[in-house]
Amino acid sequence: MAQVMQLFWHFLLLGCVAVGGVSTVMPDMYRYVVDENAMVSARQFSDLYALAQAAPGPNALWVTLLGLQAAGWSGALATTLGILGPATAFSLVASALHARHADAPLALAVRRGLAPVALGFMLASGWLLLRSVGHGVPGYGLALATFAVVTVTRLNPLWLLAVGALAGVVGM
C-alpha cells in the first residue's frame, strides 16, 4: 500500500507541472517507474505508451495502463487520479479566469511563457521514447526523417505511421 501511495504522490506532483499535457512529464515518469523503482522495464514503458496512443480515446489514459502494470488496479487508480487531478482543477480555474480577463497582461504573459516550456517537455519526451526502444541506426534515421517531414510539410501523419509500420514489418 505504501508503494501505491508513493506512486500517487509522485504522479500528483507531476500533474502539477504537466504543462502541455501528460506526455510532457514522461521523462520523469520513466525515471521514477523504470530507473528508480523498477516497477516496469524500459520496453514495457514504451510498449504501454505505444499501445495507448494507438487506441482511440484520450491520450492521457496511457498513465492508467502504466499504473496497472506497475502496481495493479490500485496503481492504475493512483496514477490516474494523481496525474489528472491537478490538470482538472487548473483547467476549471483557468477557464473561469480566462472568460473574465482574456486580454489582461498577465494572461498574455502566461500563455506566451508556457508555450516554450511545453515544447521543451514534448521534445524531451520524444527523445526518451526514441532511446528506450533501441532500434539502432535505421530506427533513428527513420525517426529523424519523420521529424523532418512533419516540420516542413503538411503531410497527413497517418502516412508516416504507415511507413513506420511497414519499416517494422520488414525488420528495421
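Everything here concerns the structure above.
Residues numbered from 1 in each chain as written. Predicted model: local features only at pLDDT ≥ 70, side-chain atom pairs only at ≥ 80, totals over all residues. Heavy atoms only, no water.

Turning our eyes to something else, we now look at the overall build of the protein. In terms of regular secondary structure, the protein is built from 7 helices and 0 strands. Here the protein, with 172 residues, has 27% of them falling under the buried criterion. Long-range pairs, those at least 24 residues apart, make up 56% of the contacts in the protein with a sequence separation of at least 6. Here the protein has roughly 10600 Å² of accessible surface; of this, 72% comes from carbon and sulfur atoms. Looking at the protein, you have 7 positive and 5 negative side-chain charges, and the mean spots of the two groups are 11 Å apart. (Helix = DSSP H or I, 4+ residues; strand = E, 2+ residues; numbered from the N terminus. Buried < 20%, exposed > 50% of the residue type's maximum accessible area, 1.4 Å probe, protein only. Contact = heavy atoms within 4.5 Å. Areas by Shrake-Rupley, 256 points an atom, 1.4 Å probe, with all protein chains shown as cover. Lys, Arg positive; Asp, Glu negative; His and termini not counted. Charge placed at Lys NZ, Arg CZ, Asp CG, Glu CD.)

Examined against the element boundaries, H10 turns out to sit in helix 1 (residues 2-17). The contacts of H10, once residues within four sequence positions are left out, are D28, R31 and Y32.

Attention now moves to the packing of aromatic side chains. What the rule picks out here adds up to 4 aromatic pairs. Here F45 and W62 contribute two aromatic rings whose centre-to-centre distance is 5.5 Å and whose plane-to-plane angle is 85°, an arrangement assigned as edge-to-face. Of this pair, F45 sits in helix 3 (residues 42-54) while W62 is found in helix 4 (residues 62-101), placing the two residues 17 residues apart along the sequence. Residue F45 shares its accessibility class with W62, and that shared class is buried. With a centroid separation of 5.0 Å and 90° between ring planes, the pair formed by Y49 and W62 is classed as edge-to-face. Taken together, the positions of Y49 in helix 3 and W62 in helix 4 put the pair 13 residues apart, joining distant regions of the chain. Neither Y49 nor W62 differs from the other in exposure class; each is buried. (Phe/Tyr/Trp six-rings, centres within 6.5 Å; stacked < 30°, edge-to-face > 60°.)

One non-glycine residue with positive phi stands out, namely A38, at about 50°. Tracing the backbone shows A38 in the loop between helix 2 (26-36) and helix 3. On the basis of relative accessibility, which here comes to 60%, the residue A38 falls in the exposed class.

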